[in-house]
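Architecture at a glance
The primary structure of each chain is shown beneath.
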Amino acid sequence: MRPRLLLALTLVLPAGRIIAAPALEPIKRFSLGSSPLSILRDTEPAKPFTVAGEHGAIFGQQNGECEAWAFPVKVLSHLRITAELKDYPVPIDVNDLPGAIEVTPGRTTIVYSHAAFTIRQHMFAPRGAVGASPVILFEFASVRPMKLTFSFTPVVERMWPAPNFGRPSAEWVKQGNTGYYILHTDSPGLAAAVAIPRAQPGILQPYQERPKFYPLQFQLNFDPAHDAGLFFPLLMEAGNEHDDFAKKLAALDNGVPALYASAQEHYRHLLARSLQVESPDQVLNEAIQWSIVSIDQMQVKYGNETGMVAGYYSSGDSARPGFGWFFGRDTMWTLYAVNSYGDFALTRKALDFLFTRQRADGKMMHEFSQTAGLVDWKSLPYWYASADATPLAIMAMDDYVSVSGDVAYLKSHWDSIEKAYTFLRAHDSDRDGIYENTEGTGWVESWIPRMPHQEIYLAALDQQATESMSRLAALLGNRQLSSTAAETAGKIRSKLASEYYDVDNHFYAFSRNADGTLDTRATIFPAVSWWTGRLTLPNAGPMLSRWASDEFSTGWGTRDLGKNEDIYDPISYHQGSVWPLFTGWVSLAEFRTGHTLSGTAHLMQNAGMTFTQDLGAVTELLSGAFFQPLGRSSSHQLWSSAMVLTPAIRGLLGIEADAQNKTLRLDPHLPASWDKVSVQQVPLGDLRLTVEMVRSRDHLVITATTSVQAVFCLARQSAEPTDCEHAPRTREQLSIPLPGAEVELPNRLPTPGSQTSQIKALDETVAANSLTLTLEAPGGSTHVLRLRRNKQIAAIDGATATADTLTVRFPPGTGYTRQTVRLLWKRSGRMFKP
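Residues numbered from 1 in each chain as written. Predicted model: local features only at pLDDT ≥ 70, side-chain atom pairs only at ≥ 80, totals over all residues. Heavy atoms only, no water.

Secondary structure assignment for the chain yields 14 helices and 47 strands. A globule of 834 residues ought to have a C-alpha radius of gyration of about 28 Å, and the chain, at 29 Å, matches this closely. Over its C-alpha atoms, taken along the principal directions, the chain stretches across nearly 90 × 65 × 60 Å. In the chain, which comprises 834 residues, the proportion classed as buried is 61%. Expressed as a percentage of contacts within the chain between residues at least 6 apart in sequence, the contacts between residues at least 24 apart total 65%. Of the roughly 31,000 Å² of accessible surface on the chain, a fraction of 51% belongs to carbon and sulfur atoms. Here the chain contributes 75 positively and 84 negatively charged side chains, and the mean placements of these two sets differ by 5 Å. (Helix = DSSP H or I, 4+ residues; strand = E, 2+ residues; numbered from the N terminus. Rg over C-alpha atoms; globule rule 2.2 N^0.38 Å. Buried < 20%, exposed > 50% of the residue type's maximum accessible area, 1.4 Å probe, protein only. Contact = heavy atoms within 4.5 Å. Areas by Shrake-Rupley, 256 points an atom, 1.4 Å probe, with all protein chains shown as cover. Lys, Arg positive; Asp, Glu negative; His and termini not counted. Charge placed at Lys NZ, Arg CZ, Asp CG, Glu CD.)

What follows is the structure, given as structure tokens:
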């Protein structure tokens, strides 16, 4: 703690109270450190940024204009800076200056660059149990003294839907040579304070003046001869009229260095103990780490609990920052990623939050505002609006137990799981044995011409949740429930194939009506059938090929609805836009069904999104026609970032943990250019494994090691449970045969505003001595692909080759045209040098 000079003063408030308060001082500049995980870009003023923690957040644009929240209160918005240099008679709008943005896990810095000065706006959100508001540290360098004016709109609004009281009135409280603003509302239970040490007030409208809005201002004089070694923090606190804001601001001011250090240590520890991938693709490696950070930043404290909110974006003139509420289904889709990177404590906190709000009849919550306790939340239509959160809760518990081996946690929440399963079986109005949309929405919240009766999305989740129930019941020794759930799951599996399959179009229907008729519009929603890896849909090859084609697949993800359907609208919410969530579903389905080229392309599209908009996070949804997020897309979306990690770990790397059998199951699909990959901190129950995959001629050799002797096994994913009851060891190895030839497609995102023009792999079939690819690309185009020869190539049809490339020329034509490529190799032939 740095030394303080505390100046006593006497202040007479309008009510006649007299208080003593310590003066605020700038902070002696300390090292902000560096991070191995960092994104540095020139600023793009219209693009957003997010700085978030459990207790508050800052949302803004890369020009530095921003709003600040001390959850659940928005304290201020429209923060902007003006500079006036000595003997330089022109005001300078700092936010219009060119500059740079650096994003690290624990800090975001915006740099404003002028010929005479540089301003750095460092922003961080304290992490952990300490309930501190976010802080902005201003750092100045200048060739001359300058006067800086910080303008902002005072807000002091609680997050929607809590009642608010209009724009607050501002009172300047003088403290020695500086002071702070108290922002009063018409409620004694809601107030805030904002300060910058050494600053003076700007415009303060007298009561006698006619009504007109003026932004509040801090005016600060900076002298480079004396002040160059200081940080000038913008401090804020929310509370009520009776709070000692002077004391709270002083404590925050004094605590900034420790709070900053604690936040940096939080992220260092998070990444050190979480799964890490070291592959030849640095974009993917970093995107996976950012996925972990982005998910972790969506935790929010609610009293003594911690829940996960769905997404963030600047609230503008509203009181809702994107999807800044707690969401049930968003959380549970994301927990597959959390389990994969090994943060079991976060999974338990998130599930505890949701189970606490489970309805008496077993239904799981959908939405819960950060201010739900301030309104009659039950009377609003959000709490239990969705039907899918309930099967997802059973699935999420099954996945947690599978990866962690934590049967004790299952036992402690068994009553909640049983109630959720009972709810599924009770909501079947047409008595076909499948859970349906009679108790809320499945996926879509609007549809034409009417809302669906039973979506395949919901039916597929029901089947997987029922299988999960069978496994969970078996773990607790409830054989009868396990048997009946397994029987029900089998019936649903067969009905999905018989009742939803559209024979004429070789596609699974979007939904089934109560009279048995189908809505046969082509969507991506059947893709969730492959989510757990235990359900498959027969005769799905043509559907998977269409998902990979230009009909669904853009250059930045998959549309939820085929572009040839009558209700297709590329800028709608549900009928043709691109969601990274959907792209993740499809990618994992493709990996699980052998469509690895398309699965890799879709995975890498999601990974690339990490570096394109809200840096370090992935957006909610984009246009289905052009590479551009929709204007209302939450730029830091929880499950979007999760859809980088889950398809990467469980699809591309093919890693699935089976803690009950002490077995790590593997089915990797490495790109042809990868010679090796190393994955550290892979969770398997209490163990953390290092898994290395190395190509050795025509085999992939997988080695898993631990730092302690333990019982564990490696197995192909399709293998039966392995008996691991043998001597503990620190190393296990598995060898998987590779095909004689492998191909890799380009997989980087296009430039913003682009339309779809990427080459696509619609199908790939590996036989004993051949690889057959069905490719499509714009008519008349030529594409050069990476080729790896694991055996001697005997013949190539449909393309020409060099030692390590494959050139494919597509037939002329309008739009996309197709080309079949076939490579044949000698079954035991040696490699040769062409």
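Okay, the pairing of strand 20 (residues 230-239) next. Looking along a regular strand, one sees side chains alternate from face to face of the sheet. Counting buried residues in strand 20 gives nine out of ten residues, a clear majority hidden from the surface. With two bridges joining them, strand 3 (residues 27-28) and strand 20 adopt antiparallel strand pairing. If you follow K28 over to strand 20, its bridge partner there is L230. Sheet topology places strand 13 (residues 135-142) next to strand 20; three bridges connect them, and they run antiparallel. (Pairing = 2+ DSSP bridges.)

For the rest of this paragraph, the subject is the sheet that holds strand 27 (residues 454-455). Taken together, three strands build an open sheet; the order of strands is 27-30-31 and the sheet is antiparallel. The open sheet has two free edges, formed respectively by strand 27 and strand 31 (518-519), since each of these has just one partner strand. Direction of pairing for strand 30 (residues 511-512) relative to strand 31: antiparallel, over a ladder of two bridges. Bridge assignment links R512 to a residue of strand 31, and that residue is L518.

What follows deals with the pattern of salt bridges. Enumeration according to the criterion identifies 44 salt bridges in this entry. Here R329 makes a salt bridge to E445, at a shortest N to O gap of 3.7 Å. Within this pair, whereas R329 is found in helix 4 (residues 328-341), its partner E445 is found in the loop between helix 8 (414-426) and strand 27, the two being separated by 116 residues in sequence. A relative accessible area of 42% places E445 in the partly exposed class. (Salt bridge = Lys/Arg side-chain N within 4 Å of Asp/Glu carboxyl O.)

Here we come to the environment of P538. Here P538 is to be found in the loop between strand 31 and helix 11 (541-548). Taking the C-alpha atoms as reference, P538 lies 46 Å from T371; in sequence the two are 167 residues apart. Dropping the residues within four chain positions of it, P538 is found in contact with A497 and Y508.

What follows concerns the packing of aromatic side chains. Taken as a whole and judged by the stated rule, the model has 56 aromatic pairs. Aromatic side chains W443 and W639 sit 5.4 Å apart centroid to centroid with 35° between the ring planes, which places their arrangement in the tilted category. Of the two residues, W443 sits in the loop between helix 8 and strand 27 while W639 sits in helix 14 (residues 638-652), which places them 196 residues apart along the sequence. Since its relative accessible area comes to 1%, W443 is described here as buried. On the accessibility criterion, W639 (3% relative accessible area) is buried. A cation sits over an aromatic face here: R729 above F712, 5.2 Å from the ring centre. (Phe/Tyr/Trp six-rings, centres within 6.5 Å; stacked < 30°, edge-to-face > 60°. Lys NZ or Arg CZ within 6 Å of the ring centre and 35° of its normal.)

It is worth spelling out the sheet that holds strand 39 (residues 729-737) at this point. Pairing is antiparallel across the open sheet formed by five strands, whose spatial order is 21-35-36-37-39. Two strands in the sheet have a free side with no partner beyond their single neighbour: strand 21 (276-278) and strand 39. Within this sheet the neighbouring strands show an average axis-to-axis angle of 20°, counted without direction. Direction of pairing for strand 21 relative to strand 35 (residues 676-684): antiparallel, over a ladder of three bridges. Opposite E278, over in strand 35, you have S678 as the bridge partner. (Axes fitted to C-alpha atoms, helices over the stretch in contact; angles between N-to-C directions.)

This part takes up the packing of helix 8 against helix 9 (residues 456-475). Each pair of packed helices can be summarised by the angle the axes make with each other and by the distance between the axes. Packing of helix 8 against helix 9 leaves a shortest axis separation of 11 Å and a crossing angle of 140°. Overall, the two elements helix 8 and helix 9 adopt an arrangement that is oblique. The crossing of helix 8 and helix 9 is left-handed. Residues W414, I417, E418, Y421, L424 and R425 of helix 8 form the contact with helix 9, whose own contacting residues are D462, A465, T466, M469, L472 and A473. (Parallel < 35°, antiparallel > 145°, perpendicular 65-115°, else oblique. Left-handed = near helix turned anticlockwise from the far one by under 90°.)

Two strands pair when backbone bridges link them, and strand 40 (residues 741-744) and strand 43 (residues 782-789) are joined in this way by four bridges, in the antiparallel orientation. Within strand 43, the residue paired with V743 across the bridge is L787. Sheet topology note: the strand 43/strand 46 (residues 805-809) ladder contains five bridges and is antiparallel. For R786, the partnering residue across the bridge sits in strand 46 and is T805.

Regions with low pLDDT should not have their predicted coordinates read in detail. Per-chain confidence: the chain averages 94 in pLDDT, with 96% of residues scoring 70 or above. Within the model, the stretch residues 1-19 combines pLDDT values under 50 with 36 contacts to residues more than four positions away or in other chains. (pLDDT = per-residue confidence, 0-100.)

For helix 5 (residues 344-356), which comprises 13 residues, the first-to-last C-alpha distance of 18 Å matches the rise-based estimate of 18 Å (1.5 Å per residue) to within 8%. Taken as a whole, helix 5 has its buried residues at F344, L346, T347, A350, L351, F353, L354 and F355. (Expected span 1.5 Å × (residues − 1).)

This brings us to the side chain of T109. Structurally, the position occupied by T109 is in strand 11 (residues 107-113). For T109, the side chain forms a polar contact with the side chain of H122, separated by 2.7 Å. Excluding residues that lie within four positions of it along the chain, T109 makes contacts with A100, I101, E102, R120, Q121 and H122. (Polar contact = N/O pair within 3.5 Å; in protein donor to acceptor, adjacent residues only side chain to side chain.)

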